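# Architecture and fold: a report
Below are the chains, spelled out letter by letter.
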Amino acid sequence: MSEPKKHVMTYEGIRKLEDELEFLKTVKRKDITEKIKVALGYGDLTENSEYDEAKNEQAFVEGRILQLENMLRNASVIDENEIEKDVVSIGSIVKVKDYVFNEEVKFYIVGSAEADPMDNRISDESPVGSALVGKKAGAIIEVTVPDGIGKYEVLEVSRG
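From a predicted model like this one, the values you see are computed outputs, not experimental measurements. (Residues numbered from 1 in each chain as written. Predicted model: local features only at pLDDT ≥ 70, side-chain atom pairs only at ≥ 80, totals over all residues. Heavy atoms only, no water.)

## Some thoughts on the sheet that holds strand S4 (residues 103-110)
Under the convention used in this document: One bridge is not enough; two strands pair if DSSP finds at least two bridges between them. Only DSSP runs of H or I reaching four residues or more are called helices, and only runs of E reaching two or more are called strands; each is numbered from the N terminus. Throughout, an axis means a line fitted to C-alpha atoms (over the contacting stretch in the case of helices), and angles, computed between N-to-C directions, take values from 0 to 180 degrees.
Overall, mixed pairing links the five strands, which are arranged S5-S4-S3-S7-S6 in an open sheet. This sheet does not close on itself; its edge strands, each paired only once, are strand S5 (121-123) and strand S6 (140-145). For this sheet, the mean angle separating the axes of adjacent strands, direction not counted, is 45°. Sheet topology places strand S3 (residues 92-98) next to S4; six bridges connect them, and they run antiparallel. Bridge pairing links valine 94 to phenylalanine 107 in S4.

This is the structure in structure tokens:
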């Protein structure tokens, strides 16, 4: 049997997952139970779209609860005190110059479970994230991204 994947995370990421799990277990489960009770009151379940929708939502929430519990059970928290401050790693905020778009961008390097590219929180396993890990200010990297080759210069490395 294979080892479960370890989810490398920051303390902030762990807290967010714990908060979501708590919300789903307490608030969301009660809401769905109430929706099911109301839908059952409408009678015939074969043509009851409210009931079907509530059951689908219940299945989604229960699946997400299992996923969150698994991620938290297999989480490995980064101790930022043991990591060099000037080297890019999980928990780093990296200011880079993007040569393709000629702009400065800040990336927050996180574990894959915390990634949110729309918020510039990129995974250490993503193409750009993995290319940045281990680099210091002044390093220039080229990496294959979905729309071609990206070229970045590390301007600054700090902790979140």
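What follows picks up the thread again.
## Quick word on the pairing of S3
Operational definition: With a 1.4 Å probe rolled over the protein chains alone, any residue whose accessible area is under 20% of its type maximum counts as buried; one over 50% counts as exposed, and the rest are partly exposed.
Burial along S3 is one-sided: Ser92, Val94, Val96 and Asp98 are buried, and none of Ile93, Lys95 and Lys97, which face the opposite way, are. For S3 and strand S7 (residues 148-159), the ladder comprises seven bridges, and the chain directions are antiparallel. Residue pairing for S7: valine 96 is matched across the bridge by valine 154. Here S3 folds back onto S4 in antiparallel fashion, the turn holding four residues, of which asparagine 102 has a positive phi close to 50°.

## Focus: unusual backbone geometry
In this structure, asparagine 102 is a non-glycine residue whose phi angle is positive, near 50°. Take asparagine 102: it is sitting in the loop between S3 and S4. Judged by relative accessible area, asparagine 102 falls into the exposed class, the value being 57%. Despite not being glycine, asparagine 120 shows a phi value in the positive range, around 60°. Tracing the backbone shows asparagine 120 in the loop between S4 and S5. For asparagine 120, a relative accessible area of 30% translates into the label partly exposed.

## A closer look at the nonpolar core
General note: in soluble globular proteins, nonpolar side chains tend to be found buried as a group. As a reminder, the rule being used: We define a nonpolar core as any set of buried Ala, Val, Leu, Ile, Met, Phe, Trp, Tyr and Cys residues linked to one another through side-chain atoms lying within 4.5 Å. Residues are treated as being in contact if the distance between any of their heavy atoms lies within 4.5 Å.
Counting residues in hydrophobic clusters, the biggest one holds 17 residues, and the most contacted among them are Val96, Phe107, Ile109, Val128, Leu132 and Tyr152. If you list the elements that add at least two residues to this core, you get S3, S4, helix H3 (127-132), S6 and S7. Beyond its immediate stretch of four places on either side in the chain, phenylalanine 107 contacts Ser92, Ile93, Val94, Val96, Asn120, Ile122, Val128, Leu132 and Tyr152. Listed in part, the 15 residues of the second largest apolar core include Ile14, Ile36, Ala39 and Ala54.

## Focus: the pattern of salt bridges
To keep things clear, this is the line we draw: Criterion for a salt bridge: a side-chain nitrogen of Lys or Arg within 4 Å of a carboxyl oxygen of Asp or Glu.
Under the defined criterion, the tally for this structure stands at nine salt bridges. Between arginine 121 and glutamate 12 there is a salt bridge, with its nearest N and O atoms 3.8 Å apart. One end of the pair, arginine 121, is in strand S5; the other, glutamate 12, is in helix H1 (residues 11-40), with 109 residues separating them in the sequence. Take glutamate 12: its relative accessible area is 33%, and that puts it in the partly exposed class. One salt bridge connects aspartate 86 with lysine 136, and the closest N-O pair in it is separated by 3.8 Å. Of this pair, aspartate 86 sits in the loop between strand S2 (75-77) and S3 while lysine 136 sits in the loop between H3 and S6, and the two are 50 residues apart along the sequence. Here aspartate 86 falls in the partly exposed class, since its relative accessible area comes to 39%. The exposure class of lysine 136 is partly exposed, given its relative accessible area of 41%.

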